[in-house]
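As a plain string of letters, each chain reads:
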Amino acid sequence: MAEATADDFELLELPVRAWLTHCDSGKKHEAQIVELTAKVAKTKMGAAWWSNLGVSKSVREQEGDHHWDWAAEIGKHRNSLAVESVAVESPNGDLQAAMIYRVDGQSTLEPGAGAVFIDRLATAPRNRDWLVDSPAFRGGGTTLLSWAAYQSYALGLAGRVVVATLPSPRSIAFYKSAGFKAVKSEKDGMDVFELESAAALNKIKQTLKVK
Amino acid sequence: MSKIRTKSRSGDPTPVTGVVAAPARLLRPVPGLDVSAPTSQLDKHITRLLALHKNVSVKFRKVDLAAMDDTTKRALLASINRVLGIEPLT
């Protein structure tokens, strides 16, 4: 992902360099993790994410985030330091993945310990191989997960990251492969996954190129 | 009959993740985060650290970020990191 020293926490200051893999060529493309403001979300997500996909409206509407209004969600939390929003931007200015996270999360595996909580995470529809025939980039989502783990570490939360999703085989496969541990579903019917400290540190070190 | 999609290239496997409201059991009350004053990323980070770690905020209770230049803020951040044991990732 980023190439910077970690000892002075330069990585906390966006934009941060990141990498995406072009699905067609397999080549790495330089990208950036950028702050996602409501204005940017309004301009570069919404219609920009959902147009020119070559799929019907009914297919698009089956995507869980088709109705999400990222700009409104970000605007709702503009006066709270508990919530932050970031995105991965490719060189052409398109947003390839986006995430809203909270710093006031709670660990489910270490009672009383804090964690970063991922409120929303999605890759751009153009990158979803279950939706389009020729996905553009991969790596945006995992880059943002590493960013969340790094934020957790830098905030003294030991890299712990918690996420809650509606149950789906895709979520289980993705979060387990990303090093998260599945936490038993409770009565609210959601699947909860947690990235523990040791796994988080490994993930950060693998992803961040520390000098 | 629905179309069977032949996958020729792997895309980004990131699933759409998010729920209508974060479950209360996965959040904890952290006073001091509902402030709009800090504008720079450095200010936000220091303010978050002080809010998340009350033991540290006692030690640095006279901190006034508005009165500090960037160099002083970075020195403060280094001090907070030392107290919290947040070490460089090497």
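Look up: the structure comes first, before these words.
These numbers were taken from a predicted model, which means no experiment stands behind them. (Residues numbered from 1 in each chain as written. Chains lettered and ligands numbered in written order. Predicted model: local features only at pLDDT ≥ 70, side-chain atom pairs only at ≥ 80, totals over all residues. Heavy atoms only, no water.)

Draft legend 1. Molecular detail of the overall build of chain B. Counting secondary structure elements, chain B contains three helices and one strand. Going from N to C terminus, chain B has its helices and strands arranged as β-α-α-α. The buried share among the 90 residues of chain B stands at 41%. Accessible surface, chain B: about 5,400 Å² in total, of which carbon and sulfur atoms supply 56%. (Helix = DSSP H or I, 4+ residues; strand = E, 2+ residues; numbered from the N terminus. Buried < 20%, exposed > 50% of the residue type's maximum accessible area, 1.4 Å probe, protein only. Areas by Shrake-Rupley, 256 points an atom, 1.4 Å probe, with all protein chains shown as cover.)

Draft legend 2. Region of the structure containing the interface of chain A and chain B. On the chain B side, the residues contacting the 71 residues of chain A number 42 residues. Summed over both sides, the interface between chain A and chain B buries roughly 5,200 Å², with carbon and sulfur atoms accounting for 55% of that surface. Broken down residue by residue, the surface that chain A buries against chain B is led by L81(A), D129(A) and L155(A), which jointly contribute 14%. Applying the counting criterion to the chain A and chain B interface returns three salt bridges. Across the salt bridge formed by K44(B) and E35(A), the nearest N and O atoms sit 3.6 Å from each other. If you list the elements that add at least two residues to the side of chain A that touches chain B, you get β4 (83-89), β5 (95-106), β6 (114-123), β7 (137-138), α5 (140-154), β8 (161-165), α6 (169-177) and α7 (197-207) of chain A. Counted by class, the side of chain A that touches chain B contains 33 nonpolar, 18 polar and 20 charged residues. (Contact = heavy atoms within 4.5 Å. Buried area = accessible area lost by both parts, 1.4 Å probe. Salt bridge = Lys/Arg side-chain N within 4 Å of Asp/Glu carboxyl O. Nonpolar A, V, L, I, M, F, W, Y, C, P; charged D, E, K, R; others polar.)

Draft legend 3. Examining the packing of aromatic side chains more closely. Residues and elements named next belong to chain A. Scanning the model with the defined rule gives five aromatic pairs over all chains in all. Geometrically, the ring pair formed by Y175 and F180 is edge-to-face, given 5.2 Å between the ring centres and 70 degrees between the ring planes. An identical accessibility class is assigned to Y175 and F180; each is buried. Taken together, a centroid distance of 5.4 Å and an interplanar angle of 25 degrees make the contact between Y175 and F193 stacked. One end of the pair, Y175, is in helix α6; the other, F193, is in strand β10 (residues 191-195), with 18 residues separating them in the sequence. Accessibility classification places Y175 together with F193 in one group, the buried group. (Phe/Tyr/Trp six-rings, centres within 6.5 Å; stacked < 30°, edge-to-face > 60°.)

Draft legend 4. Region of the structure containing the pairing of β10(A). Residues and elements named next belong to chain A. The buried fraction of β10 is high, at five of five residues. The alternating pattern of β10 places D191, F193 and L195 on one face and V192 and E194 on the opposite face, and all of these are buried. When β8 meets β10, the two strands line up antiparallel, connected through five bridges. In the strand pairing of β10, V163 is matched with F193. In this sheet, β10 lies alongside strand β9 (residues 181-183) in antiparallel orientation, the contact comprising three bridges. Within the sheet, the bridge partner assigned to V183 lies in β10 and is V192. (Pairing = 2+ DSSP bridges.)

Draft legend 5. Broad picture of the packing of helix α1 (residues 41-52) of chain B against helix α3 (residues 70-84) of chain B. Residue and element names in this part refer to chain B. The interhelical angle for the contact between α1 and α3, taken along N-to-C directions, is 30 degrees, at an axis separation of 11 Å. Regarding the angle of α1 to α3, the classification is roughly parallel. Pair α1 / α3 crosses with left-handed handedness. From α1, L42, D43, H45, I46, L49 and L50 reach across to α3, where they touch D70, K73, R74, L76, L77, I80, N81 and L84. A class-by-class count of the residues in the contact of α1 with α3 yields eight nonpolar, two polar and four charged. (Axes fitted to C-alpha atoms, helices over the stretch in contact; angles between N-to-C directions. Parallel < 35°, antiparallel > 145°, perpendicular 65-115°, else oblique. Left-handed = near helix turned anticlockwise from the far one by under 90°.)

Draft legend 6. Focus on the pattern of salt bridges. Taken as a whole and judged by the stated rule, the model has 16 salt bridges over all chains. Taking the shortest distance from any N to any O, the salt bridge between E84(A) and R48(B) comes out at 2.6 Å. Remark: R48(B) occurs in helix α1 and E84(A) occurs in strand β4; the pair is interchain, linking two chains. A residue is classified by how much of its surface remains accessible, and E84(A), at 10% relative accessible area, is buried.

Draft legend 7. Quick look at the environment of S152(A). Its place among the elements puts S152(A) in helix α5. Taking C-alpha positions, S152(A) is 20 Å from G139(A), a pair spaced 13 residues apart along the chain.

Draft legend 8. Focus on unusual backbone geometry. Residue and element names in this part refer to chain A. Within the chain, N52 stands out as a residue other than glycine whose phi angle is a positive 60 degrees. The residue N52 is located in the loop between α2 (47-50) and α3 (57-60) in this model. When its relative accessible area of 79% is taken as the criterion, N52 is described as exposed. In this model, A158 sits at a positive phi of 65 degrees, which is unusual for a non-glycine residue. Overall, the relative accessible area of 26% leaves A158 in the partly exposed class.

Draft legend 9. Highlighting α7(A). All names here are of chain A. All buried positions along α7 are accounted for by A200, K203 and I204. The buried residues of α7 occupy one face: seen down the axis, they fall within an arc of 100 degrees. Of the exposed residues in α7, those oriented more than 90 degrees away from the buried face are A198 and Q206. Looking at the packing, one finds that the buried side of α7 touches α5 and β10. (Arc of directions from axis to C-beta.)

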